[in-house]
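# Overview (structure and organization)
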Protein chains: 2
Amino acid sequence: MSAFETRRDMFNLPEGITYLDGNSLGPLPKHAVDQTRRTMTDQWGEMLIMGWNKADWMALPGRLGDRIGRLIGAPVDSTVVGDTLSIKVYQAVASALELRPGRKRVLSDNGNFPTDLYMAKGLIDSLGQGHDLKVVDPEAVEDAIDESVAVVMLTHVDYRTGRLHDMAAITRKAHEAGALMIWDLAHSAGALPVDLAACNADFAVGCTYKYLNGGPGAPAFIYVRPDLIDQVRPALSGWLGHAAPFAFDLDYRPGEGISRMRVGTPPVLQMAVLDAALDAFDGVDMADIRARSIELSEQFIAEVEASCKQVELASPRDPHARGSQVSFRFEEGYAAMQALIARGVIGDFRAPDIMRFGFCPLYNTGEDVSRAAAVLSEIIASREWDQPQFKTRKAVT
Amino acid sequence: MSAFETRRDMFNLPEGITYLDGNSLGPLPKHAVDQTRRTMTDQWGEMLIMGWNKADWMALPGRLGDRIGRLIGAPVDSTVVGDTLSIKVYQAVASALELRPGRKRVLSDNGNFPTDLYMAKGLIDSLGQGHDLKVVDPEAVEDAIDESVAVVMLTHVDYRTGRLHDMAAITRKAHEAGALMIWDLAHSAGALPVDLAACNADFAVGCTYKYLNGGPGAPAFIYVRPDLIDQVRPALSGWLGHAAPFAFDLDYRPGEGISRMRVGTPPVLQMAVLDAALDAFDGVDMADIRARSIELSEQFIAEVEASCKQVELASPRDPHARGSQVSFRFEEGYAAMQALIARGVIGDFRAPDIMRFGFCPLYNTGEDVSRAAAVLSEIIASREWDQPQFKTRKAVT
């Protein structure tokens, strides 16, 4: 067993539920409830507009950025929180394209989360400057990097299979070809060690409602390499990225360093929740989280494969080649996942046939893993999934 | 006295505070505290990822959009909530420019809130297609509308003086010249009647933390004219504006109608607060709010001018030509506002010399007005503002 000690008591985990979907939405950190209430009553309620000064709400995007920065190997003052991940992707791609004006290609892969591709394509269509978005298989990315590429944009951990890209190797390859590198850390931040500074990534973005437990619709983050930020012209040049937002100048002047990647008024209440959620990482070494995550996922694969022959591992078998999730393919995966959920084992489904299970050592235990593996095997063996109520697709899957 | 009945008891108004800054940040609606707690504990806490279906979080952007739509004359299904006002401005301008490909001018005025100008300029600089942003005096807007203009972008109520643009007349003028019209309703929504449908506006945007009391960093909204929306290509093409977000297609297809103006995952907790805050408008007729707002502002002007000769009215004297705020110019306005705040009368200051007071009939009373006018006059008459502690500029003013 690894040295990692669970912090399960910090989270609200409903009785009878085995939660292996923290890679979609992390559970509620119990103390976030009171902390948010106090932000509402003691800050907004009592300080009113003066909260911006007295409670220093304006500092939240940078302060939370630094708290996340510690988990992803980002130096202080290089990460800022706000907006949604889609918006942060747009900022990164727009900035990168302007930094490589002679090149017209954005390179990505078909394992990227679709919104990253949509945002890049939407930007390219707006620009009308002859850029293209080239999307290849994940295994073909390195070979597709050449001197036509302005920017390589990849998600570190594949949201369906958990396959992990080699951040250092691909970033190096991109730089050798003169391209810039954007990493989406949606399934990495809080899940496994990331060292942005060591691998010299140019941009990184991510969301905070998965492994960081910031709650539904929690804001996103963006990192820009410190020695690059002064060259970045913010395409989304909002007033809170201005050098002096409250001077109300008619002309935009980008703020110092990473502050220019701020756009509009920060979502203070959603940030209060995230601030509380990040407490769960205080004093935690991401290497210990990773070691424990690998134990849990190895246990899950072994137990499922020992008792259930009908499913096929969709994740890399090498634990060092996958993130903190395990996916199995099963033709009736949608119905099987609904049957699992009906029994209180929560994972999720991704079309066409992927059953996804996330492992979060902060609160998941070996007993969670054993129960999930046992229930999955029972449901498949007994064809418990083969009932009409499990086959009706819901809006959000 | 108008027929409007105060709903002051719904709001947390600290003892001893006279709050005339709801045009910057509305006060806390008391029941929002419990409603937000329940969203955290009963929805996020107990439903976990299933909240997206069981609590219908995915419907929040449209449902809240319709609640706001009722206050601004927008038909059902034409308004959606999300992101920040800066982002919504960007969406509107980007869409408008693509709808007028042969024209290169964005026309605005120097009474617009700076972030609107920054976002438009940032977009234009990204496009590199020879667009320009022409910024004229508010009085010169109508004459500057000609067939070179692709889009006219204005804030309805001037954030400094409260001067009101004639929405119907300017929109008509823009349309006659073949231009599109974007209205920023930041200081209008919830403050005075707006009829987007009647004036045939093409786009409208606004924030919800001012007169709508949605809390610090509450999300913004965007309206698109229903017969125009099908032609709009979203520049910010995020997955939640996709026709089928959970199909995870690699290619973007815009969603039905206004749903395409959604971008990323909605900030559910911040939206829960806004949902509660909008209850204060249930059964309220905006015409009654407006009548009472005019009474309060007329009383304020009369009382201040009767007792204080050193300040100069910066707002239009005709109540029908101004929004729900009154501004006075005073050379030492910054220090005087700090002295007022020290005495518990909260307005705010806008450079270079504007003292701003907002009137919100939902909770402001005639006693608030009298107290504010009396304290302002005392502070000026006694030069109480002339102390060093009132002259030190704070980060947020």
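Residues numbered from 1 in each chain as written. Chains lettered and ligands numbered in written order. Predicted model: local features only at pLDDT ≥ 70, side-chain atom pairs only at ≥ 80, totals over all residues. Heavy atoms only, no water.

Moving on, we come to the overall build of chain A. Each helix and strand in chain A was counted, giving 12 helices and 13 strands. For 397 residues, the compact-globule estimate of 2.2 N^0.38 gives 21 Å, and the C-alpha radius of gyration of chain A, at 22 Å, lies within 12% of that figure. Overall, the C-alpha framework of chain A stretches about 70 × 55 × 40 Å when taken along its three principal axes. For chain A, with 397 residues in total, the buried portion stands at 65%. Accessible surface, chain A: about 13000 Å² in total, of which carbon and sulfur atoms supply 49%. Averaging the positions of the 40 positive and the 53 negative side-chain charges in chain A gives two centres separated by 3 Å. (Helix = DSSP H or I, 4+ residues; strand = E, 2+ residues; numbered from the N terminus. Rg over C-alpha atoms; globule rule 2.2 N^0.38 Å. Buried < 20%, exposed > 50% of the residue type's maximum accessible area, 1.4 Å probe, protein only. Areas by Shrake-Rupley, 256 points an atom, 1.4 Å probe, with all protein chains shown as cover. Lys, Arg positive; Asp, Glu negative; His and termini not counted. Charge placed at Lys NZ, Arg CZ, Asp CG, Glu CD.)

The UniProt feature table records "binding site: pyridoxal 5'-phosphate" (unreviewed entry) at A:Leu85, A:Ser86, A:Phe113, A:Pro114, A:Thr115, A:Asp116, A:Thr155, A:Asp184, A:His187, A:Tyr209, A:Trp239 and A:Thr265. A maximum C-alpha distance of 30.1 Å among these annotated residues, which run over 181 residues, shows that they spread across the structure rather than meeting at one spot. Narrowing the list just given to those that line the largest cavity leaves A:Thr265. Note on placement: A:Phe113 falls in the loop between strand 3 (105-109) and helix 5 (114-127). Among all residues touching A:Phe113, those that are not within four sequence positions of it are A:Thr155, A:Tyr159, B:Trp239 and B:Phe248. Mapped onto the elements, A:Thr155 comes out in strand 5 (residues 149-155). For A:Thr155, the contacting residues outside a window of four places in its chain are A:Asn112, A:Phe113, A:Asp116, A:His165, A:Trp183 and A:Asp184. Engagement of the side chain of A:Thr155 in a polar contact is seen with the side chain of A:Asn112, the distance being 2.4 Å. (UniProt positions renumbered as here; feature names shortened; annotations may be inferred. 1 Å grid on protein atoms, 1.4 Å probe; cavity = no way out; pocket = protein on both sides within 12 Å on 5 of 7 lines; lining within 4 Å. Contact = heavy atoms within 4.5 Å. Polar contact = N/O pair within 3.5 Å; in protein donor to acceptor, adjacent residues only side chain to side chain.)

Further remarks concern the UniProt feature "modified residue: N6-(pyridoxal phosphate)lysine" (unreviewed entry) in chain A. Residue and element names in this part refer to chain A. With numbering aligned to this structure, UniProt lists the feature "modified residue: N6-(pyridoxal phosphate)lysine" (unreviewed entry) at Lys210. Take lysine 210: it is sitting in the loop between strand 7 (203-206) and strand 8 (220-224). According to the relative accessible area criterion, lysine 210 is buried, its value standing at 11%. When near neighbours in sequence (up to four residues on either side) are disregarded, lysine 210 contacts Gly22, Asn23, Ser24, Gly26, Ala186 and His187.

Looking now at the interface of chain A and chain B. Contacts between chain A and chain B engage 83 residues on the former and 83 residues on the latter. In total, about 7000 Å² of surface goes out of reach between chain A and chain B, with carbon and sulfur atoms giving 70% of it. For the pair chain A and chain B, the number of links is zero salt bridges. Elements with a contribution of two residues or more to the side of chain A that touches chain B: helix 1 (31-47), helix 2 (51-54), helix 4 (85-99), helix 5 and helix 9 (268-278) of chain A. For the side of chain A that touches chain B, the leading source of residues is helix 5 of chain A, giving 10 residues. (Buried area = accessible area lost by both parts, 1.4 Å probe. Salt bridge = Lys/Arg side-chain N within 4 Å of Asp/Glu carboxyl O.)

Looking now at the domain arrangement of chain A. All names here are of chain A. Taken domain by domain, chain A consists of domain 1 (8-29 + 285-390) and domain 2 (31-281). Taken together, the 33 residues of domain 1 in the interface contact 27 residues of domain 2. Summing the contributions of domain 1 and of domain 2, the shared interface buries around 2300 Å²; its carbon and sulfur component is 64%. For domain 1, the biggest contributors to the area lost against domain 2 are Met10, Pro29 and Met286; these three give 25% of the whole. At the surface where domain 1 touches domain 2, the tally comes to 13 residue pairs in polar contact (both at pLDDT 80 or more). (Domains from an automatic or database assignment.)

Residues and elements named next belong to chain B. If you walk across this open sheet you meet the seven strands as 2-8-7-6-5-3-4, and the pairing is mixed. Of all the strands in the sheet, the pair left with one neighbour each is strand 2 (79-82) and strand 4 (132-136). Averaged over all neighbouring strand pairs, the angle between strand axes comes to 20 degrees, with direction disregarded. In the sheet, strand 7 (residues 203-206) pairs with strand 8 (residues 220-224) via four bridges, with the strands oriented antiparallel. In the sheet register, valine 205 faces strand 8, and the bridge partner there is isoleucine 222. Strand contacts of helix 7 (residues 167-176): strand 5 (149-155) and strand 6 (180-184), with the helix running at about 155 degrees to strand 6, the strand carrying the most contacts. (Pairing = 2+ DSSP bridges. Axes fitted to C-alpha atoms, helices over the stretch in contact; angles between N-to-C directions.)

Looking now at the side chain of A:Asp184. Residue and element names in this part refer to chain A. As for its position among the elements, aspartate 184 is in strand 6 (residues 180-184). Lysine 210 provides the closest opposite charge to the buried, unpaired aspartate 184, separated from it by 8.6 Å. Looking at aspartate 184, its side chain comes within polar contact range of the main-chain nitrogen of alanine 186, at 2.8 Å.

Applying the stated rule across the entire model yields five cavities of 30 Å³ or more. A volume near 230 Å³ is recorded for the largest cavity. Forming the walls of the largest cavity are 26 residues, and the residues nearest its centre are A:Gly82, A:Asp83, A:Thr265, A:Pro267 and B:Thr84. Counting only elements with at least two residues in the lining of the largest cavity, the list comes to strand 2 (79-82) and helix 9 of chain A. Grouping the amino acids of the lining of the largest cavity by side-chain chemistry returns 12 nonpolar, 10 polar and four charged. Volume-wise, the second largest cavity comes out at about 80 Å³. Contributing to the lining of the second largest cavity are 15 residues, with B:Val81, B:Gly82, B:Val263, B:Gly264 and B:Pro266 lying nearest its centre. Residue composition of the lining of the second largest cavity, by class: eight nonpolar, four polar and three charged. (Points joined across faces, edges and corners; volume = space filled by probe spheres on them. Nonpolar A, V, L, I, M, F, W, Y, C, P; charged D, E, K, R; others polar.)

Our next topic: the sheet that holds strand 12 (residues 348-350) of chain B. All names here are of chain B. Taking strand neighbours across the sheet as the criterion, the four strands line up as 9-10-13-12 in an open arrangement whose pairing is antiparallel. Looking at which strands have only one partner, the edges of the open sheet turn out to be strand 9 (312-313) and strand 12. The pairing of strand 9 with strand 10 (residues 325-329) spans two bridges and is antiparallel. Within strand 10, the residue paired with glutamate 312 across the bridge is arginine 329. Running at roughly 20 degrees to strand 10, helix 10 (residues 286-307) makes contact with strand 9, strand 10 and strand 13 (354-358) of the sheet.

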